[in-house]
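If you want the building blocks of each chain, they are given just below.
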Amino acid sequence: METREKKKGGRPIDDELADLRRMTVPELCQRYQELFGEPARRPHRQLLWREIAWRLQALGEGGLPEHVKQYALAIARNSPLRVRIAENASRRRNGQSLDHTVITTIAGSQHDSRLPLPGSLVIKEYRGQTYVVKVLDTGFEYDGRRYRSLSAIAQDITGTKWNGYLFFGLTKENTSGKKSTAPRS
């Protein structure tokens, strides 16, 4: 029987997993501290073993791709996945790019519902280039600089004035599927 590949610069993962099975709870807690950089929250043998084994495998095999992490976040936030899955299947058939966004709301917050949560990335394809903007608690970060608005970033990218929400595709759509054209108040 073939053993798994060695993790980067170390022993085969199967050998490390076998060692974990022989460790005591204090030894598992120490190994957890080494791998995660913080003390174990619960000294439960089987839970520690599973978390450490997962971490070793993730380190050895590279972890999850970003789109899979975003998909898991969408499930955790109870977003309407069936709709997104059907929409993405249709997009794939038509040769369009897939929608990897996760849309959530913050209850009882003054957070603008058109924006993703702070820490999220807004990605825009424009004239053959990809532009990435990070949403901050107050403002945005683009190209190593902070901005107060998406409009300022859109102007920086295009050289002309733009509505930032429109440029980055963050405008709300009404139920008929058309972009809202209601006058501003």
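Coordinates for the structure precede this section.
Computed from a predicted structure; not experimentally measured.

S.K.: Account for the sheet that holds strand 4 (residues 145-147), naming residues and giving values.
M.R.: Here we have 4 strands laid out as an open sheet, ordered 1-2-3-4, and antiparallel in their pairing. Each of the sheet's edge strands pairs with one partner strand only, and the pair in question is strand 1 (121-126) and strand 4. In this sheet, neighbouring strand axes are inclined to one another by 30 degrees on average, regardless of whether the strands run parallel or antiparallel. For strand 2 (residues 129-135) and strand 3 (residues 140-142), the ladder comprises 3 bridges, and the chain directions are antiparallel. Across the sheet, the residue bridging to lysine 134 is glutamate 141, located in strand 3. Relative to the sheet, helix 6 (residues 150-158) contacts strand 1, strand 2, strand 3 and strand 4, its axis offset from that of strand 3 by approximately 15 degrees.

S.K.: So what about the packing of aromatic side chains? Which residues, and what values?
M.R.: Evaluated as defined, the whole model comprises 6 aromatic pairs. Measuring from ring centre to ring centre gives 6.2 Å for tyrosine 142 and tyrosine 147, while their planes differ by 50 degrees; the resulting arrangement is tilted. Each member of the pair, tyrosine 142 as well as tyrosine 147, is classed as buried. The interplanar angle of 65 degrees and the centroid separation of 5.1 Å between the aromatic rings of tryptophan 162 and phenylalanine 167 together place this pair among those described as edge-to-face. By relative accessible area, which is 34% here, tryptophan 162 ends up partly exposed.

S.K.: Quick one: what's the story with the nonpolar core, residue by residue and with numbers?
M.R.: With 17 residues, the main nonpolar core has Val133, Leu150, Ile153, Ile157 and Phe168 as its most contacted residues. Broken down by secondary-structure element, the contributors of at least two residues to this core are strand 1, strand 2, strand 3, helix 6 and helix 7 (164-167). Sorting elements by how many residues they give to this core places helix 6 first, with 4 residues. Ignoring anything within four residues of it in the chain, the contact list for isoleucine 157 reads Tyr126, Tyr131, Tyr142, Phe167 and Phe168. With 11 residues, the next largest nonpolar core counts Leu28, Leu48, Ile52 and Leu56 among its residues.

S.K.: Hey, could you go over helix 2 (residues 25-36) for me, with residue numbers and the actual values?
M.R.: Taking 1.5 Å per residue as the helical rise, helix 2 with its 12 residues ought to reach 16 Å, and the 16 Å between its terminal C-alpha atoms agrees with that figure. A positive backbone phi angle near 75 degrees is found at glycine 37, which sits one or two residues after helix 2.

S.K.: Help me get a handle on the pattern of salt bridges, residues and values and all.
M.R.: By the definition in use, this model includes 5 salt bridges. One salt bridge in this structure joins arginine 31 and glutamate 16, with 3.1 Å as the shortest N-O distance. Placement of arginine 31 in helix 2 and of glutamate 16 in helix 1 (residues 13-22) is noted, with a sequence separation of 15 residues between them. As far as burial versus exposure is concerned, arginine 31 and glutamate 16 are alike and both buried. Here aspartate 156 and arginine 145 are joined by a salt bridge, their closest N and O atoms 2.5 Å apart. Here aspartate 156 is found in helix 6, whereas its partner arginine 145 is found in strand 4, with 11 residues between them in sequence. The exposure class of aspartate 156 is partly exposed, given its relative accessible area of 41%.

S.K.: Talk me through the packing of helix 2 against helix 3 (residues 45-61); I want residue IDs and the actual numbers.
M.R.: The contact between helix 2 and helix 3 brings their axes to 10 Å, and the two run at 35 degrees. The two elements helix 2 and helix 3 meet at a crossing, and its hand is left-handed. In this structure, helix 2 uses Val25, Leu28, Cys29, Arg31, Tyr32, Leu35 and Phe36 to contact helix 3, whose residues at the interface are Arg45, Leu48, Glu51, Ile52, Trp54, Arg55, Leu56 and Leu59. Across the contact of helix 2 with helix 3, the residue classes break down as 11 nonpolar, no polar and 4 charged.

S.K.: Which residues make up the pairing of strand 2, and what values go with them?
M.R.: Of the strand pairs in this sheet, strand 1 and strand 2 are connected by 6 bridges, and their pairing is antiparallel. Bridging across to strand 2, isoleucine 123 finds its partner in valine 132. In this antiparallel pair of consecutive strands, strand 1 and strand 2, the connection spans 2 residues, and arginine 127 shows a positive phi of 50 degrees. Hairpin connection of strand 2 to strand 3: 4 residues between the antiparallel strands, including glycine 139 at a positive phi of 105 degrees.

Cut-offs and rules
Residues numbered from 1 in each chain as written. Predicted model: local features only at pLDDT ≥ 70, side-chain atom pairs only at ≥ 80, totals over all residues. Heavy atoms only, no water. Pairing = 2+ DSSP bridges. Helix = DSSP H or I, 4+ residues; strand = E, 2+ residues; numbered from the N terminus. Axes fitted to C-alpha atoms, helices over the stretch in contact; angles between N-to-C directions. Contact = heavy atoms within 4.5 Å. Phe/Tyr/Trp six-rings, centres within 6.5 Å; stacked < 30°, edge-to-face > 60°. Buried < 20%, exposed > 50% of the residue type's maximum accessible area, 1.4 Å probe, protein only. Core = buried A, V, L, I, M, F, W, Y, C linked by side-chain atoms within 4.5 Å. Expected span 1.5 Å × (residues − 1). Salt bridge = Lys/Arg side-chain N within 4 Å of Asp/Glu carboxyl O. Left-handed = near helix turned anticlockwise from the far one by under 90°. Nonpolar A, V, L, I, M, F, W, Y, C, P; charged D, E, K, R; others polar.

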